[in-house]
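Reading the structure
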Amino acid sequence: MLLATRIFLPAARLICTTVFNNVLKYFLIVTQARFSRNLEERVRDYLLHENYTRRDRPVLDSSRTVHVTMRLQTYAMLDLNERDEVLTTASWLNVMWKDERLTWNPAEFGGLNIVVMHPDEIWMPKIFLSNSFNKDSLEVTSPEKGSIILTSEGIVDFGSPLVQSTHCPLNVRYFPFDTQICPFLFSPVNQYYEHMYLSADKAFFGSTASNLEWNLLNESIANLLYNFSNHLIDGNVSTYSGAVICLYLQRNPNHYIYTIIIPSTMMCVMAFATFLAPPDSGERISLGVSMVLGLTVFQLLISDTLPVSDKESPVLGIYLTINFALACLTVPLSLININVAYSYRKLKIVEHVRMKKLLFECLPYYLCVCTYNARPEVGKSDSLQKGSELKVKNLKEHNDLSLNRNAVHPLEEANSKDSLSDSEKVTFSLLHIF
């Protein structure tokens with residue numbers, strides 16, 4: 001019996017002590033929470049007395065100006081409609097001011113320095129977003145959207161989420177390597193500068209608002225004063241304050257480089273590659289037309305990708321138009337080349353001395369091909385390797401109608417450049433160049 005008492009008595013004492021401590025802690029927590037809640041209620045009752053009204057400006061002297069400071073932190077860029085120039089963003093708005101009537105001594109209220117207030121209970125500045133497309137643009141500081149933190153010194157901090165669609169003027173001249181500036185224009189509602197001064201302060205900047213196409217580079221602010229004529233008093237001008245917050249957006253050009261610029265450039269180069277085909281192959285015209293049709297279909301597919309603006313056309317659109325024009329130019333150039341190479345008409349343009357020098361000396365030199373003076377030796381060496389040399393027959397040597405005028409026939413060697421006519425010299429030059 002004595003042994004059982006020595007074993008179970010300490011265990012029972014430990015259990016009772018543990019239960020008592022837990023009950024005491026719970027009682028203290030509940031009492032402290034009720035005491036804190038009672039302190040906040042006491043502060044609200046002390047501040048919102050019978051003489052306080054939320055319709056009056058928060059100053060003890062009516063001649064003083066209420067300074068309102070706002071911060072806008074953009075954390076998501078939802079959409080940028082380039083055709084309508086509309087930017088949709090999700091931001092967090094902070095509006096701060098001092099209410100001289102809402103102050104208390106923390107020592108009288110258990111050291112309480114901060115109280116959470118409802119926006120319907122105190123004075124709120126009315127601010128609207130002048131370049132907004134939303135119907136609730138006048139409710140930027142709406143009581144239903146945010147909450148208020150009040151300090152013992154009377155500093156009021158109103159915080160609210162803000163999702164707005166604003167007008168963003170775009171300059172797409174350097175698309176897709178462009179940078180856009182989208183402003184947010186905040187103004188007080190019918191409050192003169194002497195009554196309320198609205199200013200903006202730069203918020204914490206982060207890159208979380210970037211998306212796949214746009215990167216948020218920076219955020220800048222500007223505070224301004226503007227004058228309006230007072231319709232109540234003739235000849236009088238009233239001054240208003242305003243705040244402008246600008247977002248700097250940079251487009252990511254990688255998608256447009258790989259899907260527009262590189263394919264269009266390659267198709268234009270392939271269109272000029274048709275000149276590598278021999279003139280007598282018969283494939284130049286068909287290949288050139290195929291490239292033109294390909295560029296036409298390509299431009300139809302990307303027509304919705306390019307931005308539309310009535311101010312300035314993008315440089316990329318001009319570049320695509322030039323590529324299309326150059327691709328179309330390959331077809332008539334091929335026709336001219338074939339016509340010169342296989343026509344028996346006398347070319348009067350080569351009768352001029354300067355034109356001869358341009359075609360037979362300067363043009364082959366700049367195109368890195370052999371000049372005409374070196375052609376007989378080249379032709380002779382080729383004839384020794386192949387066994388024969390090609391030469392275009394003249395019209396006087398083909399009176400027989402059974403011969404095809406556009407055919408190329410193997411003829412005797414032309415060892416001397418003096419034995420060839422000007423038309424034949426041009427033919428040799430063009431055949432070697434193209």
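Residues numbered from 1 in each chain as written. Predicted model: local features only at pLDDT ≥ 70, side-chain atom pairs only at ≥ 80, totals over all residues. Heavy atoms only, no water.

Going by an unreviewed UniProt entry, the protein chain carries the name Neuronal acetylcholine receptor subunit alpha-9 and comes from Holothuria leucospilota. The record in UniProt for the protein chain states the following under Sequence similarities (unreviewed entry): "Belongs to the ligand-gated ion channel (TC 1.A.9) family." (UniProt positions renumbered as here; feature names shortened; annotations may be inferred.)

**Some details on the overall build of the protein chain**
The secondary structure content of the protein chain amounts to seven helices and twelve strands. Sorting the 434 residues of the protein chain into buried and exposed places 36% on the buried side. Excluding contacts between residues fewer than 6 apart, the proportion of contacts in the protein chain whose partners are at least 24 apart in sequence is 72%. Carbon and sulfur atoms make up 59% of the accessible area of the protein chain, which amounts to about 26,500 Å² in all. (Helix = DSSP H or I, 4+ residues; strand = E, 2+ residues; numbered from the N terminus. Buried < 20%, exposed > 50% of the residue type's maximum accessible area, 1.4 Å probe, protein only. Contact = heavy atoms within 4.5 Å. Areas by Shrake-Rupley, 256 points an atom, 1.4 Å probe, with all protein chains shown as cover.)

**Regarding the side chain of S241**
Checked against the element boundaries, S241 lands in strand β10 (residues 237-251). Polar side-chain contacts of S241 include one of 3.4 Å to the backbone oxygen of M196. Side-chain polar atoms of S241 contact the backbone nitrogen of L198, separated by 2.9 Å. The contacts of S241, once residues within four sequence positions are left out, are S187, P188, Y193, M196, Y197, L198, L224, L225 and Y226. (Polar contact = N/O pair within 3.5 Å; in protein donor to acceptor, adjacent residues only side chain to side chain.)

**Focus: the nonpolar core**
One finds V68, M70, V95, W97 and F186 to be the most contacted residues of the largest nonpolar core, which totals 63 residues. Ranked by residue count, the leading element in this core is strand β1 (residues 66-81), at six residues. (Core = buried A, V, L, I, M, F, W, Y, C linked by side-chain atoms within 4.5 Å.)

**Brief notes about the pairing of strand β7 (residues 179-188)**
β7 sits mainly inside the fold: seven of its ten residues count as buried. Pairing of strand β4 (residues 127-129) with β7, which is carried by three bridges, proceeds in the antiparallel orientation. Bridge pairing in β7 places L129 opposite F186. Two strands pair when backbone bridges link them, and β7 and β10 are joined in this way by eight bridges, in the antiparallel orientation. Across the sheet, residue Q180 finds its bridge partner in β10, namely L249. (Pairing = 2+ DSSP bridges.)

**Quick notes on the pairing of strand β2 (residues 86-98)**
Most of β2 is tucked away: ten of the 13 residues are buried. In the sheet, β1 pairs with β2 via eleven bridges, with the strands oriented antiparallel. Each bridged residue has a counterpart across the sheet, and for D79 the counterpart in β2 is T88. The antiparallel pairing of β1 with β2 creates a hairpin that spans four residues between the two strands, and E85 there sits at a positive phi of about 55 degrees.

**What about the state of the cysteines?**
With the rule as written, the count across this model stands at one disulfide. Here C246 stays unpaired: no disulfide links it, and the sulfur of C182, its closest cysteine neighbor, is 8.9 Å away. Of the residues examined, C246 reaches a relative accessible area of 15% and is grouped as buried. Its sulfur unpaired, C328 is 9.9 Å from the next cysteine sulfur, which belongs to C268. For C328, a relative accessible area of 27% corresponds to the partly exposed category. (Disulfide = S-S within 2.5 Å.)

**Remarks on the pattern of salt bridges**
Side chains carrying opposite charge are able to pair once their charged atoms draw close together. Counted under the stated rule, the structure contains eight salt bridges. Of the charged contacts, one joins R251 and E213 as a salt bridge, the two residues approaching to 2.9 Å between their closest N and O atoms. Separated by 38 residues along the polypeptide, R251 in strand β10 and E213 in the loop between β8 (196-200) and β9 (214-229) bring together distant segments of the chain. Judged by relative accessible area, R251 falls into the buried class, the value being 3%. Residue classification places E213 among the partly exposed positions, given a relative accessible area of 27%. (Salt bridge = Lys/Arg side-chain N within 4 Å of Asp/Glu carboxyl O.)

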